[in-house]
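Understanding the architecture of this molecule
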Amino acid sequence: MAEQMEVNSDIILDILGNDTRRKILVALADEPMYFNQLAKELGVGQQAVLRHLQILEESGLIETYAEKSDLGAPDRKYYRLSDSFILTISLSEDHFSMKKRRIAESRQEESRKYYEAFDSTPEEMGGALYSLQENLFDVEKEISALEARLNDLYSLKQQILNRLHKIGVDNFEENERKILYAIVEELPMSIADLSDIIGEKESRIKDVITVMKSKMDKADAQLLFGNLK
């Protein structure tokens, strides 16, 4: 398999904005196919499918390999998925983020029983299908439970940010709020880090922080700014 290329999240969103390319990825998620198969499966012209496949291949989301024909014909070019990741988009009244995380096996303690069930499943068909179905059901159930907890935590995060932004608007000027939000959300360890985050000169940041401290309780100011060196 070719070395995987890291795909930028913005490029992924642009690529997946096309319905035909999404359908191609869905089809290839089941099994590799050659372009004639894909064209027939999707009901799309061959030339159009080839253009979409080229875009997906150039992005690193799919790759090709050759397989010999049983009838002595030229080798057939197959397409398959070549990347595994989760793209998470979070949008709320007070927050927007987009994160791309690679799917990688780590066999954490909480997942051990599911891995053990999978490892004990035969690789051949006999006795495997029901075990795989049962294992998949249990894993999906666990993922749903974790997603429900994540959703609850995202809701709490939204409330925290909402309160932070309300305090910011009620008590600080625009340039001060920019610094406040960066410190609370990004946890910079130095003025230099903060400068990189917000794109302001260190001397300017120090001046603004001095003004902010004058508006705050001394203990709160120490807790907020005390770690900045």
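Preceding this paragraph is the structure being described.
First, a word on scope: everything that follows refers to the structure included in this document. Here the structure is a predicted model, which means the values were calculated and not measured.

**Re the overall build of the protein chain**
Scanning the protein chain for helices and strands turns up 10 helices and 5 strands. Scaling as 2.2 N^0.38, a compact globule of 229 residues should have a C-alpha radius of gyration of about 17 Å, whereas the protein chain reaches 26 Å, well beyond that. By its C-alpha atoms, the protein chain is 85 × 45 × 30 Å across when sized along the principal axes. Within the protein chain, the proportion of its 229 residues that are buried is 27%. For the protein chain, the share of sequence-separated contacts (at least 6 apart) that also reach a separation of at least 24 residues comes to 46%. Here the protein chain has roughly 16,500 Å² of accessible surface; of this, 51% comes from carbon and sulfur atoms.

**Some remarks on unusual backbone geometry**
Working note: non-glycine residues mostly have negative phi, and peptide bonds are mostly trans. Its identity is not glycine, yet Arg107 carries a phi of approximately 50°, on the positive side. Within the element layout of this structure, Arg107 appears in the loop between β5 (95-102) and α5 (112-119). Given a relative accessible area of 38%, Arg107 falls into the partly exposed group. Within the chain, Leu187 stands out as a residue other than glycine whose phi angle is a positive 55°. By the element assignment, Leu187 lies in the loop between α7 (174-186) and α8 (191-198). Judged by relative accessible area, which is 62%, Leu187 ranks as exposed.

**Describing the environment of Thr210**
By secondary structure assignment, the location of Thr210 is in helix α9 (residues 202-214). Taking the C-alpha atoms as reference points, Thr210 and Ala221, 11 residues apart in sequence, are found 9.8 Å from one another.

**Quick look at the nonpolar core**
Within the largest apolar cluster, 19 residues are counted, with the highest numbers of intra-cluster contacts made by Ile179, Leu194, Ile205, Ile209, Met212, Phe225 and Leu228. When contributions to this core are tallied by element, the ones reaching two or more residues are α6 (128-171), α7, α8, α9 and α10 (218-225). Among all residues touching Leu194, those that are not within four sequence positions of it are Ile179, Ala182, Ile183, Pro188, Ile205, Ile209 and Leu228. In terms of nonpolar packing, the next biggest core, distinct from the first, is built from 15 residues, Ile15, Met33, Leu38 and Tyr79 among them.

**A short note on the sheet that holds strand β2 (residues 62-67)**
If you walk across this open sheet you meet the 3 strands as β1-β3-β2, and the pairing is antiparallel. Bordering the open sheet on either side are β1 (33-34) and β2, each of which pairs with just one other strand. Seen against the sheet, helix α4 (residues 46-59) touches β2 and β3 (76-81) and runs at an angle of roughly 110° to β2.

**With respect to the packing of helix α2 (residues 19-30) against α4**
The N-to-C vectors of α2 and α4 enclose an angle of 75°; their axes lie 10 Å apart at closest approach. Classified by the interaxial angle, the pair formed by α2 and α4 is roughly perpendicular. Across the interface between the two elements, Thr20, Arg21, Ile24 and Leu25 of α2 pack against Val49, His52, Leu53, Ile55 and Leu56 of α4. Residues that form the contact of α2 with α4 fall into these classes: 6 nonpolar, 2 polar and 1 charged.

**Quick look at the environment of Pro32**
In this fold, Pro32 is placed in the loop between α2 and β1. When near neighbours in sequence (up to four residues on either side) are disregarded, Pro32 contacts Gln37, Tyr65, Tyr78, Tyr79 and Arg80.

**Notes on helix α3 (residues 35-42)**
Those residues of α3 that sit buried are Leu38, Ala39 and Leu42. Taken around the axis of α3, the buried residues stretch over an arc of 100°, which confines them to a single face. The exposed residues of α3 that point more than 90 degrees off its buried face are Lys40 and Glu41. The elements touched by buried residues of α3 are α2, β1 and α4. Gly43 sits one or two positions beyond α3 and adopts a positive phi of about 70°.

Analysis parameters
Residues numbered from 1 in each chain as written. Predicted model: local features only at pLDDT ≥ 70, side-chain atom pairs only at ≥ 80, totals over all residues. Heavy atoms only, no water. Helix = DSSP H or I, 4+ residues; strand = E, 2+ residues; numbered from the N terminus. Rg over C-alpha atoms; globule rule 2.2 N^0.38 Å. Buried < 20%, exposed > 50% of the residue type's maximum accessible area, 1.4 Å probe, protein only. Contact = heavy atoms within 4.5 Å. Areas by Shrake-Rupley, 256 points an atom, 1.4 Å probe, with all protein chains shown as cover. Core = buried A, V, L, I, M, F, W, Y, C linked by side-chain atoms within 4.5 Å. Pairing = 2+ DSSP bridges. Axes fitted to C-alpha atoms, helices over the stretch in contact; angles between N-to-C directions. Parallel < 35°, antiparallel > 145°, perpendicular 65-115°, else oblique. Nonpolar A, V, L, I, M, F, W, Y, C, P; charged D, E, K, R; others polar. Arc of directions from axis to C-beta.

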